[in-house]
Amino acid sequence: MSPAEPPSSNGAEVAARGGILTIDLAALSANFRLLKDRVSPAICAAVIKADAYGLGVERVAPALRRAGCDTFFVATLDEGITARRLLPGARILVFHGPMQGEPEAFHRHRLIPVLNDPAQIETWRGFCNSDAGETPPAALHLDSGMNRLGLSHDQVERLAAHPDRLSGIEIGYVMSHLACSEEADNPMNAVQLQRFNDLRGMRGPAKASIANSSGIFLGPAYHLDLIRPGIALYGGNPTPGRPNPMAQVVRLQGKIVQCRRVDTDMTVGYGATHKISGPGRLATVAVGYADGYLRAFSNTGFASVGGITVPIVGRISMDLLTLDVSNVAPELTRPGCLVDLIGGSVSLDAAAAAAGTISYELLTSLGVKSRRVYLSESFSKAVPQ
Ligand SMILES: *Cc1c(COP(=O)(O)O)cnc(C)c1O
């Protein structure tokens, strides 16, 4: 994967590509500090899997480190190796844990494996009890209701009955993951917390972690010793339905390439899915699904032009989309003008919802494909959404 370079926002370069995804590292840092202060003395870690949710781990991870973060989570061994290069002194945990043949690489890069099942425990134990020398501690994942990764109730019971299966392994943390934390009223949250507390009770004292971004806002009982936010750091609303406490980190802009008048009844775009009755004006913007701006935005998305929210009309094309700008002053819709697809009056979460998805998927889609531009910590002030 190529690094997200360059950070320049030189106009000529920007013109070369469709979507411009601006990532505000000051806002990112402010979000980290907000969560850290909220849960102190619990530790605030940062989840930087999937290239830091598409925003570019090369820039995001060091910025979080400068903001004071010293514990990071990635999904895979590969991501862990990249993170180690970027974060020499930090603690790095790998959610997927070690497959056979991988412990040596975990050891070499000082990566902390999350052990998700008896086979991973056995793999890691075999390695720890070989002549590997001093091995890093591990985290143990206990399943409390996701049924995705983690030891089941029966497996935890068996482990408690056979403590030798962990001999030679230092367990730094036990963790679990919430299924419904975005829904504050969902009874599943309290059920999972209770199950997790019971499960970890079975195997003796260890530091514990259950909260992702939304879990943090379920209350102090969920903070335990360490929190694991991802999306909230990147500006997603961890409290859906309530005002977003996080600063806006991403902005997606596109450039108008043409603005056309429509005087009679016409249709717009592939499949002629939108009918417009004149008189009106359409702006064609150089952003499409090749930039990660999902085709699901067809006829449902919005843009912000000079503070006015305007609808996307017709289907999203590969590198173009069309806005109905009949209500916007013509001088704001000339070729070369920029519109906000995320930003201005369009929040990240509202944009994602318009495409029938969540901020997580939209960010990872845009991040890989759009041009990324970074505002460094010294450059900008965090803007509340
Ligand atoms: C991705 C992930 C997180 C972070 O979740 P957010 O909702 O983005 O805060 C935390 N824990 C686990 C196990 C995850 O897979």
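Residues numbered from 1 in each chain as written. Predicted model: local features only at pLDDT ≥ 70, side-chain atom pairs only at ≥ 80, totals over all residues. Heavy atoms only, no water.

A.B. asks: Residues and numbers for the site of the ligand, please.
C.D. replies: Lining the immediate surroundings of the ligand are 14 residues, of which Lys-49, Tyr-53, Ser-213, Gly-230 and Tyr-360 lie closest. One of the side-chain nitrogen or oxygen atoms of Tyr-53 is found 2.5 Å away from an oxygen atom of the ligand. Here the ligand, which alone exposes 390 Å², has 94% of that area covered by the protein. Split by residue class, the shell around the ligand holds seven nonpolar, four polar and three charged. (Near = heavy atom within 4 Å. Polar contact = N/O pair within 3.5 Å; in protein donor to acceptor, adjacent residues only side chain to side chain. Areas by Shrake-Rupley, 256 points an atom, 1.4 Å probe, with all protein chains shown as cover. Nonpolar A, V, L, I, M, F, W, Y, C, P; charged D, E, K, R; others polar.)

A.B. asks: Kindly report on helix α2 (residues 25-39), identifying the contributing residues and their values.
C.D. replies: Look at α2: 22 Å from first C-alpha to last across 15 residues, which is about the 21 Å you get at 1.5 Å a residue. Buried within α2 we find Leu-25, Ala-26, Ala-27, Leu-28, Ser-29, Asn-31, Phe-32, Leu-35 and Val-39. Where the residues of α2 are buried, they touch β1 (20-24), β2 (43-44), α4 (57-66), α10 (213-216), β10 (226-227) and β19 (371-375). (Helix = DSSP H or I, 4+ residues; strand = E, 2+ residues; numbered from the N terminus. Expected span 1.5 Å × (residues − 1). Buried < 20%, exposed > 50% of the residue type's maximum accessible area, 1.4 Å probe, protein only. Contact = heavy atoms within 4.5 Å.)

A.B. asks: Quick one: what's the story with the packing of α2 against α4, residue by residue and with numbers?
C.D. replies: In contact at an axis separation of 9 Å, α2 and α4 are set at 45° when each is read in the N-to-C sense. The angle between the axes of α2 and α4 places the two elements in the oblique class. Of the two possible hands of crossing, α2 and α4 adopt the one that is right-handed. In contact with Leu-25, Leu-28, Ser-29 and Phe-32 of α2, α4 contributes Arg-59, Val-60, Ala-63 and Leu-64. In terms of residue class, the contact of α2 with α4 is built from six nonpolar, one polar and one charged. (Axes fitted to C-alpha atoms, helices over the stretch in contact; angles between N-to-C directions. Parallel < 35°, antiparallel > 145°, perpendicular 65-115°, else oblique. Left-handed = near helix turned anticlockwise from the far one by under 90°.)

A.B. asks: Outline the side chain of Ser-29, supporting the account with residue identities and numerical values.
C.D. replies: Assignment of secondary structure puts Ser-29 in helix α2. Among all residues touching Ser-29, those that are not within four sequence positions of it are Ala-63, Ala-67 and Glu-377.

A.B. asks: So what's going on with the packing of aromatic side chains? Which residues, and what values?
C.D. replies: Here the structure, examined in full by the defined rule, presents six aromatic pairs. Taken together, a centroid distance of 5.6 Å and an interplanar angle of 35° make the contact between Trp-124 and Phe-127 tilted. Remark: Phe-127 and Trp-124 occur in helix α7 (residues 118-128); sequence separation between them is three residues, near one turn of the helix. Take Phe-127: its relative accessible area is 13%, and that puts it in the buried class. One aromatic cluster is present, built from ring pairs that chain together Tyr-53, Tyr-234 and Tyr-360. (Phe/Tyr/Trp six-rings, centres within 6.5 Å; stacked < 30°, edge-to-face > 60°.)

A.B. asks: Describe in detail the sheet that holds strand β8 (residues 171-175), supporting the description with residues and values.
C.D. replies: Hydrogen bonds between backbone atoms are what pair the strands of a sheet, whose relative direction is either parallel or antiparallel. Here we have seven strands laid out as an open sheet, ordered β3-β4-β5-β6-β7-β8-β9, and parallel in their pairing. Lying at the two open borders of the sheet, with one neighbouring strand each, are β3 (46-47) and β9 (207-209). In terms of strand pairing, strand β6 (residues 112-115) meets strand β7 (residues 138-141) through two bridges, oriented parallel. By the bridge assignment for β7, Val-114 is matched with Ala-139. Contacts from α7 reach β6 and β7, with the element oriented near 145° to β6. (Pairing = 2+ DSSP bridges.)

A.B. asks: Describe the environment of Arg-158, naming the residues involved and giving the relevant values.
C.D. replies: By secondary structure assignment, the location of Arg-158 is in helix α8 (residues 153-161). Residue class for Arg-158 comes out partly exposed when judged on its relative accessible area of 45%. Here the alpha-carbon distance between Arg-158 and Pro-118, two residues 40 residues apart in the chain, equals 9.9 Å.

A.B. asks: Give a detailed account of the pairing of strand β11 (residues 250-262), specifying residues and quantitative values.
C.D. replies: Bridge count between β1 and β11: four bridges; the pairing is antiparallel. Bridge assignment links Ile-20 to a residue of β11, and that residue is Gln-253. Here four bridges tie β11 to strand β18 (residues 338-342), and the two strands are oriented antiparallel to one another. Within the sheet, the bridge partner assigned to Leu-252 lies in β18 and is Ile-342. In this structure, β11 lies alongside strand β14 (residues 280-285), joined through six bridges in antiparallel fashion. Each bridged residue has a counterpart across the sheet, and for Arg-260 the counterpart in β14 is Leu-282.

A.B. asks: An account of the confidence of the model for the chain is requested, with residue identities and associated values reported.
C.D. replies: Chain-level statistics for the chain give a pLDDT mean of 93 and a share of 94% at 70 or above. In this model residues 1-14 is a low-confidence stretch, pLDDT under 50, and it forms 17 contacts with partners more than four residues away in sequence or in other chains. (pLDDT = per-residue confidence, 0-100.)

A.B. asks: Mind laying out the nonpolar core, listing which residues take part and the relevant values?
C.D. replies: Core analysis: the largest hydrophobic core is formed by 111 residues, its most contacted members being Ile-48, Leu-64, Tyr-234, Tyr-293, Phe-297 and Leu-323. With six residues, the top contributor of residues to this core is α2. Those residues within four positions of Tyr-293 in sequence are excluded, and the remaining contacts are Leu-252, Val-287, Gly-288, Gly-301, Phe-302, Ile-312, Ile-316, Leu-321, Leu-341 and Leu-366. Among the nonpolar cores identified, the runner-up in size contains five residues, and Val-262, Ile-276, Leu-282 and Val-313 belong to it. (Core = buried A, V, L, I, M, F, W, Y, C linked by side-chain atoms within 4.5 Å.)

A.B. asks: Explain the side chain of Asn-116 residue by residue, including any values.
C.D. replies: Along the chain, Asn-116 falls in the loop between β6 and α7. Overall, the relative accessible area of 2% leaves Asn-116 in the buried class. If we ignore the near neighbours within four places in the chain, the residues touching Asn-116 are Phe-95, His-96, Gly-97, His-141, Leu-149, Gly-150 and Leu-151.

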